[in-house]
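Spelled out, the chains give:
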Amino acid sequence: MKRKTMTKVVAAVLLAGLTACATDNEGVLLKGKLVGATVEDGLITYSPDGNIYENQMTEFEVKEDGLFTYNPELQGESADVTIEMSGIGYFGAHLTKDKTLKMTIEKQGDEWQATFDGPDADISRYVNDLTQRFDAMKYWSPDPSESKPIADYRTMLDENYTALQKAVADIRDAEQRDYYTRLTESQYRWLTIRLIMDSCENDNSDYKMNAEYQQLVKGIDVNDPIHLRTNMAYTALNSLNTVKDEGDNGASCTRLMELTDSLVTNPAMRHFMVQMIGQQYYVYGNGEGDYETFNKQFLEWAGSDKEIAQAMIDQFLQKKQSTEATKAGQMAPDVELTTPEGKKVMLSSLLKGKFTYIDVWATWCGPCCKEIPFVEKLVERYKGNDKVQFLSISIDQNEQAWKAKLEKDKPQWAQFIIQGETEAQFSKDWGITGIPRFIMINPDGTIFSGDATRPSASETAQTIDQQIGK
């Protein structure tokens, strides 16, 4: 159900999101109905100011008659939300405080469509169009076999932008029409930059040196709330950071602090930068280098967001302790796994007598899905060899999405899922703050590597060969 994450900006972090509960009270902001299909639940995402680290994600029940409701406490007079239903689609809506929007989702031809009735229905129609046309997953696929050439994605993006420029004219209120015109243009810039970044990654070139990229970030006001919402504010600020962030990225993060101090006046943007810089250093950079000095610097710089900074530092230190506890030679922490059929099994019961390679992943994690074909190649390479086994452990909270992926891929190796408190404890035990994560365990149940090489790395097969004496 959750959207698949996109490289660094929207990373596969395990701390994201605030989960709330939908209500059935009278006067709800959204009353919806799904017609012609049956699903158990859905997911609504509400972002008060565009800060991805503080998205409010609410699971809602879809009743047998297709009815569902959503009633958040809006921080402003109105807000846009996204509605996801597994197997149905991804929709957008515009909610207004103290008013009820009615939404109907039904199939028209081969596509599921949403219609709206109530206050600002014209805005909801546009928000839904914008949400679907600018859905990032239209322009990138976690499955390499389904990926299209960058040029094709660019053509599709331009066509959708042209359609949206025409559609925005249907918003009656002039102020709202101007807002969504600017929001759409900013989002178009960001999606174009994402494709430029992908292209440069394919070419092994520096995207910051790309002339079109430089033109797109030129003149962007990093304090404009619209640009915070579309990620253009951070992109423009980061474009000024010329310090390389490979390996020990402490210097790069320090430069981002300096740029924030000199250019950012919007409190919401500064709040976001505290979280982003912490993410950059402690998760993407793994706190390499002199982390104790950086911790002090970061904590002091965070100012009024010191509690957030301290929590990130504490999590990082906990991860280091977990890494120490899962060093080679230690017994692998046990965990209860669930099979696709619902059977419970302890990890320890699967380990005896075989060298085990574990893939920790999720359907919404793009880098995870990119590695799956390489796991498949390893499975094929060692087919019939009873000295080695491969296990995939999903941390999907949406079991339906996981099962749908398995049904589509039909993997020929053992699949398990962990959720809720079990997943939280597993991640804590292994110090997992981002996925994919790969683990190698010896035949006696001791750890060979708590943070093993990816299946796409040539060293992985070499290591397995050495350990099984092939």
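Cut-offs used in this document
Residues numbered from 1 in each chain as written. Predicted model: local features only at pLDDT ≥ 70, side-chain atom pairs only at ≥ 80, totals over all residues. Heavy atoms only, no water. Helix = DSSP H or I, 4+ residues; strand = E, 2+ residues; numbered from the N terminus. pLDDT = per-residue confidence, 0-100. Contact = heavy atoms within 4.5 Å. Phe/Tyr/Trp six-rings, centres within 6.5 Å; stacked < 30°, edge-to-face > 60°. Buried < 20%, exposed > 50% of the residue type's maximum accessible area, 1.4 Å probe, protein only. Pairing = 2+ DSSP bridges. Axes fitted to C-alpha atoms, helices over the stretch in contact; angles between N-to-C directions. Core = buried A, V, L, I, M, F, W, Y, C linked by side-chain atoms within 4.5 Å. Salt bridge = Lys/Arg side-chain N within 4 Å of Asp/Glu carboxyl O. Parallel < 35°, antiparallel > 145°, perpendicular 65-115°, else oblique. Left-handed = near helix turned anticlockwise from the far one by under 90°. Nonpolar A, V, L, I, M, F, W, Y, C, P; charged D, E, K, R; others polar. Disulfide = S-S within 2.5 Å. Expected span 1.5 Å × (residues − 1). Patch = residues over 30% accessible without salt bridge, like charges linked within 9 Å, V, L, I, M, F, W, Y side chains within 5 Å. Areas by Shrake-Rupley, 256 points an atom, 1.4 Å probe, with all protein chains shown as cover. Lys, Arg positive; Asp, Glu negative; His and termini not counted. Charge placed at Lys NZ, Arg CZ, Asp CG, Glu CD.

Our focus in this paragraph is the environment of Thr38. For Thr38, the location among the structural elements is in the loop between β2 (30-35) and β3 (41-46). Between the C-alpha atoms of Thr38 and Gly66, which are 28 residues apart in sequence, the distance is 6.9 Å.

With that settled, the discussion passes to the confidence of the model for the chain. Taken residue by residue, the chain gives an average pLDDT of 90. The fraction at 70 or more is 94%. Every residue in residues 1-25 is under pLDDT 50, and counting partners more than four places away or in other chains gives 86 contacts.

Another aspect to go through is the packing of aromatic side chains. Centre distance and the angle of the planes are the two values used to describe a pair of aromatic rings. One pass over the structure, following the stated rule, counts 21 aromatic pairs. Ring plane angle 50° and centroid distance 6.4 Å describe the contact between Phe426 and Trp430, whose orientation is recorded as tilted. Taken together, the residues span about one helical turn, with Phe426 and Trp430 both in helix α14 (residues 420-430) at a distance of 4 residues. Per residue, the accessibility class of Phe426 equals that of Trp430, and both read buried.

Relative to the elements of secondary structure, Ser124 occurs in helix α1 (residues 121-133). When its relative accessible area of 0% is taken as the criterion, Ser124 is described as buried. Each residue touching Ser124, except ones within four places of it in the same chain, is listed here: Gly92, Ala93, His94, Leu101 and Phe116.

With that settled, the discussion passes to the sheet that holds strand β8 (residues 101-108). Reading across the sheet, the 4 strands line up as β5-β2-β8-β9 and stay open at both edges, with mixed pairing between neighbours. The open sheet is flanked by β5 (67-70) and β9 (111-117), the only strands paired with a single partner. On average, each strand axis in the sheet is inclined to that of its neighbour by 20°, with strand direction left out of account. In the sheet, β8 pairs with β9 via 7 bridges, with the strands oriented antiparallel. Considered in β9, the bridge of Ile105 is made with Ala114. Across the sheet, α1 touches β8 and β9, and the angle it forms with β9 is around 160°.

What follows deals with the nonpolar core. In this structure, Phe390, Phe426 and Ile435 are the most contacted members of the largest nonpolar core, which totals 44 residues. Elements with a contribution of two residues or more to this core: β12 (355-361), α12 (366-381), β13 (388-394), α13 (399-409), β14 (414-417), α14, β15 (437-441) and α15 (458-468). Aside from chain neighbours lying at most four places away, what touches Phe426 is Val335, Val360, Ile393, Ile418, Ile432 and Ile439. Grouped together as the second largest cluster of nonpolar side chains are 39 residues, Cys200, Met269, Met273 and Leu299 included.

Across all of its chains, the model carries 16 salt bridges by this definition. Put simply, Arg189 and Glu185 hold a salt bridge, and the shortest N to O gap is 2.6 Å. With Arg189 and Glu185 both in helix α3 (residues 174-203) and 4 residues apart, this pair spans about one turn of that helix. With a closest N to O distance of 3.3 Å, Arg255 and Glu258 form a salt bridge. Pair noted here: Arg255 and Glu258 are both in helix α7 (residues 250-263), with a separation of 3 residues, about one helical turn.

A word on the pairing of β15. Counting buried residues along β15, 5 of its 5 residues qualify, which places the element largely inside the surrounding structure. Across the two faces of β15 the burial is the same, with Arg437, Ile439 and Ile441 and Phe438 and Met440 all buried. Here β12 pairs with β15 via 5 bridges, running antiparallel. Looking at β15, one finds that Thr356 is bridged to Ile441. Examined bridge by bridge, β15 and strand β16 (residues 447-449) share 2 bridges and lie antiparallel to one another. Note on β16: the bridge partner recorded for Met440 is Ser449. Hairpin connection between β15 and β16: a loop of 5 residues separates the two successive antiparallel strands, and Gly445 in this loop has a positive phi of roughly 90°.

What follows is about the packing of α7 against helix α9 (residues 291-302). It is the contact of α7 with α9, at a shortest axis distance of 11 Å, that shows an interaxial angle of 15°. Between α7 and α9, the interaxial angle falls into the category roughly parallel. In the packing of α7 onto α9, the handedness of the crossing is left-handed. Side by side, α7 and α9 meet where Gly250, Cys253, Thr254, Met257, Thr260 and Asp261 of the first sit next to Phe294, Gln297, Phe298 and Trp301 of the second. Residues belonging to the contact of α7 with α9 are distributed by class as follows: 5 nonpolar, 4 polar and 1 charged.

Let us now look at the state of the cysteines. A covalent bond between the sulfur atoms of two cysteines is referred to as a disulfide. A full pass over the atoms with the stated rule returns 1 disulfide. Covalently, Cys365 is tied to Cys368 through a disulfide, its sulfur atoms 2.3 Å apart. Measuring the twist about the S-S bond at about 80°, one finds the Cys365-Cys368 disulfide to be right-handed. For the pair shown, Cys365 and Cys368 are each scored as buried. Cysteine Cys369 remains unbridged, with the sulfur of Cys368 as its closest cysteine sulfur at 6.4 Å.

For the rest of this paragraph, the subject is helix α10 (residues 306-325). Relative to the 28 Å expected for 20 residues at 1.5 Å per residue, α10 spans 28 Å between its end C-alpha atoms, a close match to the ideal helical length. For α10, the complete set of buried residues consists of Ala309, Met312, Ile313, Phe316, Lys319 and Ser322. The inward-facing, buried residues of α10 abut α8 (267-284), α9 and α14.

A surface patch of like charges, here negative, comprises Asp248, Glu288, Asp290 and Glu292. Topologically, Asp290 is positioned in the loop between α8 and α9.

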